[in-house]
Amino acid sequence: MSKAMKIAIIDDEKDMRQSISQWLALSGFDTETYASAEDALKGLSADYPGIVVSDVKMPGMDGMQLLRKLKSIDSTLPVIMITGHGDVPMAVEAMRVGAFDFLEKPFNPDRMTELAKKATQVRRLALDSRALRRELSDRDALMRKLIGASPAMERLKEDILDLGQAEGHILIEGETGTGKTLVAHALHAVSARSSRKFVLLSCSAFDDETLTRRLFGPPQQDEPMPAMEEARGGTLVLEDVEALSPGLQARLLTAINDQGTPAETRIIAICNLQDEGKTCESVLRPDLFYRLAALRITVPPLRQRGEDILTLFTRLSEQFAEEYGCETPEVSAQEAAQLLQAPWPGNVRQLINVAERAVLQNRRGTGTIASLLMADSDETAKPAMTTEGKPLKEFVEAFERMLIDNTMRRHKGSIVAVMEELCLPRRTLNEKMAKYNLSRSDYL
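Residues numbered from 1 in each chain as written. Predicted model: local features only at pLDDT ≥ 70, side-chain atom pairs only at ≥ 80, totals over all residues. Heavy atoms only, no water.

1. Side note on the overall build of the chain
- Along the backbone of the chain there are 20 helices and 10 strands.
- Seen along its three principal axes, the alpha-carbon backbone of the chain occupies a region of about 85 × 60 × 35 Å.
- Counting over 444 residues, the chain shows a buried share of 46%.
- Put simply, 71% of the contacts in the chain that link residues at least 6 apart link residues at least 24 apart. (Helix = DSSP H or I, 4+ residues; strand = E, 2+ residues; numbered from the N terminus. Buried < 20%, exposed > 50% of the residue type's maximum accessible area, 1.4 Å probe, protein only. Contact = heavy atoms within 4.5 Å.)

2. Description of the pattern of salt bridges
- Under the defined criterion, the tally for this structure stands at 22 salt bridges.
- As a salt-bridge pair, Glu114 and Lys118 come within 3.6 Å of each other at their nearest N and O atoms. Of this pair, Glu114 and Lys118 are both found in helix α5 (residues 109–137), four residues apart, which corresponds to roughly one turn of the helix.
- Note that Arg427 and Glu431 form a salt bridge whose closest N and O atoms lie 3.3 Å from each other. With a gap of four residues between them, Arg427 and Glu431 both fall in helix α20 (residues 426–435), about one helical turn apart.
- In this structure Glu431 comes out as partly exposed when scored by relative accessible area, which is 46%. (Salt bridge = Lys/Arg side-chain N within 4 Å of Asp/Glu carboxyl O.)

3. Section: helix α8 (residues 180–189)
- The buried fraction of α8 amounts to eight of the 10 residues, a majority that puts the element mostly inside the structure.
- Within α8 the residues assigned to the buried category are Lys180, Val183, Ala184, His185, Ala186, Leu187, His188 and Ala189.

4. Here we look at the sheet that holds strand β7 (residues 198–202)
- Ordered in space as β7-β8-β9-β6-β10, the five strands form an open sheet in which the pairing is parallel. At either margin of the open sheet sits one strand with a lone partner, and together these are β7 and β10 (295–299). Averaged over all adjacent pairs, the angle separating strand axes in this sheet is 20°, with direction ignored.
- Two strands pair when backbone bridges link them, and β7 and strand β8 (residues 235–239) are joined in this way by five bridges, in the parallel orientation. Along β8, the bridge assignment pairs Ser202 with Glu239.
- Docked against the sheet, helix α9 (residues 208–216) engages β7 and β8, running at close to 170° with respect to β7. (Pairing = 2+ DSSP bridges. Axes fitted to C-alpha atoms, helices over the stretch in contact; angles between N-to-C directions.)

5. Structural notes on the packing of aromatic side chains
- Across all of its chains, the model carries one aromatic pair by this definition.
- Residues Phe289 and Tyr290 carry aromatic rings whose centres are separated by 5.1 Å and whose planes lie at 75° to one another, so their mutual orientation is edge-to-face.
- Phe289 sits in the buried class, given a relative accessible area of 2%.
- Residue Tyr290 is classed as exposed on the basis of its relative accessible area, which comes to 53%. (Phe/Tyr/Trp six-rings, centres within 6.5 Å; stacked < 30°, edge-to-face > 60°.)

6. Comments concerning the environment of Lys42
- Along the chain, Lys42 turns up in helix α2 (residues 37–43).
- On the basis of relative accessibility, which here comes to 73%, the residue Lys42 falls in the exposed class.
- As a C-alpha pair, Lys42 and Ile170 span 128 residues in sequence and 46 Å in three-dimensional space.

7. Here's the deal with the sheet that holds strand β2 (residues 30–34)
- In space, the five strands of this open sheet follow the order β2-β1-β3-β4-β5, with parallel pairing throughout. At either end of the open sheet lies a strand with only one pairing partner, and these are β2 and β5 (101–104). On average, each strand axis in the sheet is inclined to that of its neighbour by 20°, with strand direction left out of account.
- Here strand β4 (residues 79–83) runs beside β5; their pairing, made up of four bridges, is parallel. Residue Thr83 lies in a different strand from β5, and its bridge partner there is Glu104.
- Sitting on the sheet, helix α3 (residues 63–73) touches β1 (6–10), β3 (50–55) and β4, and the angle it makes with β4 is about 170°.

In short, the description is geometric, and any link to function would need to be established separately.
Written out as structure tokens, the structure is:
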């Protein structure tokens, strides 16, 4: 559940600020009061988790001066102004400067609550968007989300670093659930455009008319700015690009050509075609395809990522166990082999679901990982060889690495505790950690 938003109430009249505070507190808001604008400024920062309600006429710094100061600190901070009866010019000026809205004394308390709810919703969206932009601009944080050390993932990370710093448009291909949108985020984060807008639009989420407006405009009332305009100078990601109609393909091609070289706005197209022998190249007009596919990345399916499957399963299980307040399920050697052998048609998305259900099963004390995998597939049990031709030796090594990794994590890097639990002499443990590229410093 989201934490209650704060409301800073500023009024030099004690009875008025206490009355507003009590009313809004009854409506579920976390209120704090200030007797002057000067005092309020000490507690209001650019990331203030709430909104401001301020009287206009106050001694010292008045409400209009405070409004201008707050807008210079954080232009997205909603400020509701309280004006005197009949003071229309003051209200108009407040709106021009950037007030969220205004209330005229004497005002209806229900109207105050209604405005506060709208303003806090706007504020929450702004703060969430800001937090996301900060996360997306942190290339190291994003690259860490691309979990895995398999050759396939190492190649993917190298491709992201190389292509992200190029200027051409990019086409991302891969099976459903492999993490193509995360790769698009990472490409933007490592690019020279990382400090600019990142706009994501699903081409399959709207009918043709609505998609035309969402992409090129003009927007209808309450619709966001057209994506091409909002992403200007930054990155525009088009998910399910294969869903574009012929008419929209032609219009997108014209928009791309009009940008010139290098492109003002970089386009990352995500294609999800895998069935019936169709490809992105076969459904897009050739001239558009070759413009979007100037650079190409293919995200590997989970079944090609070897021991990454166990690493991901471990991390996801730990996260869900923490969320549900229970123990992380132990994975046996047989279950590890089953995880590695599973075909994973839903890729990482399917693995997330299996990890969550495994944690819930473990909390109840029932069920096995094998039963979860069988529920996700109509296929009969397979021998100790995946469709990718992995020998049993690789499964054993992957399980051994997972076991040491899990034990080191549980004991927070205590070599002695790990030696005792796994019945391994120090030299053997050191050799195996070196073999699997595990470092004690990662667990401290």
